Amino acid sequence: MDKQNEYEQNTLATIIGLILTQAKWLARALIVAGMLWLLSLIPILGVIAVSVLLKLTLWYCFANSVVIIWETMIAYYYVSHCVSRRLDIYIAKAKKKAGK
C-alpha cells in the first residue's frame, strides 16, 4: 500500500508542478502584454507590429489559461478517483473483517 501511496503522491506532484509551470508562464505573458499595451499608448511607437504582438500575447494568455484549467480538472479527477478507490478498498476490508 505504501508503494501505491508513493506513486499517487508522485503523480499528483507532477500534475501540480505542471500547473505551477503554466502559471509562471502566464504571469510572464501578462507582464509582457501589459508592457505592450503601455507601448501602444505612445502614438509614435503605436505601429501595427505592436498591435499584432499585443493580440498574439493576449491569445497566448487565453490559451495558457485554458491549459491551466484543463490541468486542474485532471488533478481534481485524479484525486477523486484515488479517494474512491481507497474507499472501495476500505469497504472491502471492513466487510471482510465483519464477516469473520
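Every value quoted in this text rests on a predicted model; they were computed, and no experiment measured them.

Peer 1: Let's hear about the overall build of the chain: which residues, and what values?
Peer 2: Each helix and strand counted, the chain has two helices and zero strands in total. Taking 2.2 N^0.38 as the reference for a compact globule, 100 residues should give roughly 13 Å; the C-alpha atoms of the chain span a radius of gyration of 23 Å, well beyond that estimate. Expressed along its principal axes, the backbone C-alpha trace of the chain runs to roughly 85 × 20 × 15 Å. Evaluated residue by residue, the chain yields a buried proportion of 17% over its 100 residues. Considering only residue pairs separated by 6 or more positions, the chain has 77% of its internal contacts joining residues 24 or more positions apart.

Peer 1: Report on the pattern of salt bridges, specifying residues and quantitative values.
Peer 2: Evaluation of the coordinates by the stated rule reveals two salt bridges. Taking the shortest distance from any N to any O, the salt bridge between Arg 85 and Glu 8 comes out at 2.4 Å. In this pair, Arg 85 is assigned in helix H2 (residues 48-99) and Glu 8 in helix H1 (residues 2-40), connecting sequence segments 77 residues apart. Where Glu 8 meets Arg 86, a salt bridge forms, and the shortest distance between an N and an O atom there is 2.8 Å. With Glu 8 in helix H1 and Arg 86 in helix H2, this residue pair connects regions lying 78 residues apart in the sequence. In this structure Arg 86 comes out as partly exposed when scored by relative accessible area, which is 24%. One connected set of salt bridges, linked through shared partners, spans Glu 8, Arg 85 and Arg 86.

Peer 1: Talk me through H2; I want residue IDs and the actual numbers.
Peer 2: Across its 52 residues, H2 extends 76 Å between first and last C-alpha, which sits within 8% of the 76 Å expected from 1.5 Å per residue. Buried within H2 are the following residues: Val 50, Leu 54, Thr 57, Cys 61, Asn 64, Ile 68, Glu 71, Ala 75, Tyr 78 and Cys 82. Looking at the buried positions of H2, the neighbouring elements they touch are H1.

Peer 1: Can you lay out H1 for me, pointing to particular residues and giving the numbers?
Peer 2: Between its first and last C-alpha atoms H1 spans 56 Å; for 39 residues at 1.5 Å apiece the expected length is 57 Å, and the two agree. Taken residue by residue, H1 has Glu 8, Ile 15, Ile 19, Leu 26, Ala 29, Ala 33 and Leu 36 as its buried positions. At its buried positions, H1 is contacted by H2.

Peer 1: Report on a nonpolar patch on the surface, specifying residues and quantitative values.
Peer 2: Together, Ile 48, Val 52, Leu 53 and Leu 56 give the surface a local cluster of nonpolar side chains, amounting to about 410 Å² of exposed area. Take Val 52: it is sitting in helix H2. Val 52 gets classed as partly exposed once you look at its relative accessible area, which sits at 41%.

What counts as what
- Residues numbered from 1 in each chain as written.
- Predicted model: local features only at pLDDT ≥ 70, side-chain atom pairs only at ≥ 80, totals over all residues.
- Heavy atoms only, no water.
- Helix = DSSP H or I, 4+ residues; strand = E, 2+ residues; numbered from the N terminus.
- Rg over C-alpha atoms; globule rule 2.2 N^0.38 Å.
- Buried < 20%, exposed > 50% of the residue type's maximum accessible area, 1.4 Å probe, protein only.
- Contact = heavy atoms within 4.5 Å.
- Salt bridge = Lys/Arg side-chain N within 4 Å of Asp/Glu carboxyl O.
- Expected span 1.5 Å × (residues − 1).
- Patch = residues over 30% accessible without salt bridge, like charges linked within 9 Å, V, L, I, M, F, W, Y side chains within 5 Å.
- Areas by Shrake-Rupley, 256 points an atom, 1.4 Å probe, with all protein chains shown as cover.

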